[in-house]
Amino acid sequence: MNDPRPAVGDQLIARLGNGSGASIMAIEETGVSSLDELGQRRLVWALARLDSVKARELTRPFLRASDSLVRLAAIHSTSLHRDTGAMSELLRLLSTDVVSNRRATAEALGRLKQAQAIPGLMAQLAQAHDRVFEHSLIYALIEIGLTDQVAAGLESQNELVHVGALVALDQLNAASVGGEHLVRALRGVRGSTRRKARWILGNRPNLGTALLPVLRSWLLDSSERGFDSVSYTHLTLPTIYSV
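Notes on the structure in this doc start here.

Glancing now at the overall build of the protein. Check the secondary structure of the protein and you find 15 helices and 0 strands. Within the protein, buried positions represent 47% of all 243 residues. Partitioning the contacts of the protein with sequence separation of at least 6, the portion at a separation of at least 24 is 66%. With an accessible surface of roughly 11700 Å², the protein has 53% of that area assigned to carbon and sulfur atoms.

A word on the side chain of His162. Secondary-structure assignment places His162 in helix α11 (residues 159-171). The buried category is assigned to His162, whose relative accessible area is 2%. Setting aside chain neighbours within four positions, we find His162 in contact with Gly153, Leu154, Ser156, His181, Arg184 and Ala185.

Within the largest apolar cluster, 62 residues are counted, with the highest numbers of intra-cluster contacts made by Leu121, Met122, Leu137, Leu141 and Val150. Other than its neighbours up to four places away in sequence, Leu137 contacts Leu94, Ala106, Leu121, Gln124, Leu125 and Ala128.

On to helix α1 (residues 6-16). Among all positions in α1, only Gly9, Ile13 and Leu16 are buried. With its buried residues spanning 75 degrees around the axis, α1 presents them on a single face. Pointing more than 90 degrees away from the buried face of α1 are the exposed residues Asp10 and Arg15.

When helix α8 (residues 118-125) is considered as a whole, its buried residues turn out to be Ile118, Leu121, Met122, Gln124 and Leu125. Projected down its long axis, α8 shows its buried positions confined to an angular sector of 160 degrees, all on one face.

One way to put it is that α1 packs onto helix α3 (residues 37-48) with a least axis distance of 8 Å and a crossing angle of 35 degrees. The way α1 lies across α3 gives a crossing that is right-handed. Side by side, α1 and α3 meet where Pro6, Gly9, Ile13 and Leu16 of the first sit next to Arg42, Trp45 and Ala46 of the second. Looking at the contact of α1 with α3 residue by residue, the classes come out as 5 nonpolar, 1 polar and 1 charged.

About the cut-offs
Residues numbered from 1 in each chain as written. Predicted model: local features only at pLDDT ≥ 70, side-chain atom pairs only at ≥ 80, totals over all residues. Heavy atoms only, no water. Helix = DSSP H or I, 4+ residues; strand = E, 2+ residues; numbered from the N terminus. Buried < 20%, exposed > 50% of the residue type's maximum accessible area, 1.4 Å probe, protein only. Contact = heavy atoms within 4.5 Å. Areas by Shrake-Rupley, 256 points an atom, 1.4 Å probe, with all protein chains shown as cover. Core = buried A, V, L, I, M, F, W, Y, C linked by side-chain atoms within 4.5 Å. Arc of directions from axis to C-beta. Axes fitted to C-alpha atoms, helices over the stretch in contact; angles between N-to-C directions. Left-handed = near helix turned anticlockwise from the far one by under 90°. Nonpolar A, V, L, I, M, F, W, Y, C, P; charged D, E, K, R; others polar.

Structure representation (structure tokens):
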């Protein structure tokens, strides 16, 4: 398994991942301590080819491997097979691993569709400074699809959590998205928050009436934060006339 030649590694993965009971026995007999990082990754990918409870059990310890690429392979395998038995490990990795692995972990948690993942995803939104990681977190919330639990994020005082929940709920066509939530986002400190609010307004022009007080104040003082976020083309005609 430690052989550096790619062709040898591919053959080993194919043989061990052929789906037979002998494959599992061979993998169990393999001394993990004797494997380097390359050998461990190959072993994880061989296990990923096996659709069995035992293969999932043998994969989970690699979520604690010292090498980040070995952990990444185990995360992808867990995601592929939707292994709910790895939930606690995935939640730990979501907050402790390198950013690239945390993105993959968010994807895995979304595929598992478990409510217990939502608080952890929200907590990471509060400190997501990587745009791709933020997208992964929001998409995981959308995949889980539990609107009542996601809606709790609308009450968060953290701007990133609030707008992340707002985007997820918009994509889930949730009725809990209200004009007051959109107004708060349009007044956000971050330009990215205001852009997301403008995009949501484009999807829900019927919420424009809730913006009337804000729009009037912007017309009087264009320097007020958020003025740059609104495109009047997003609003319904009655709303525009009311302004």
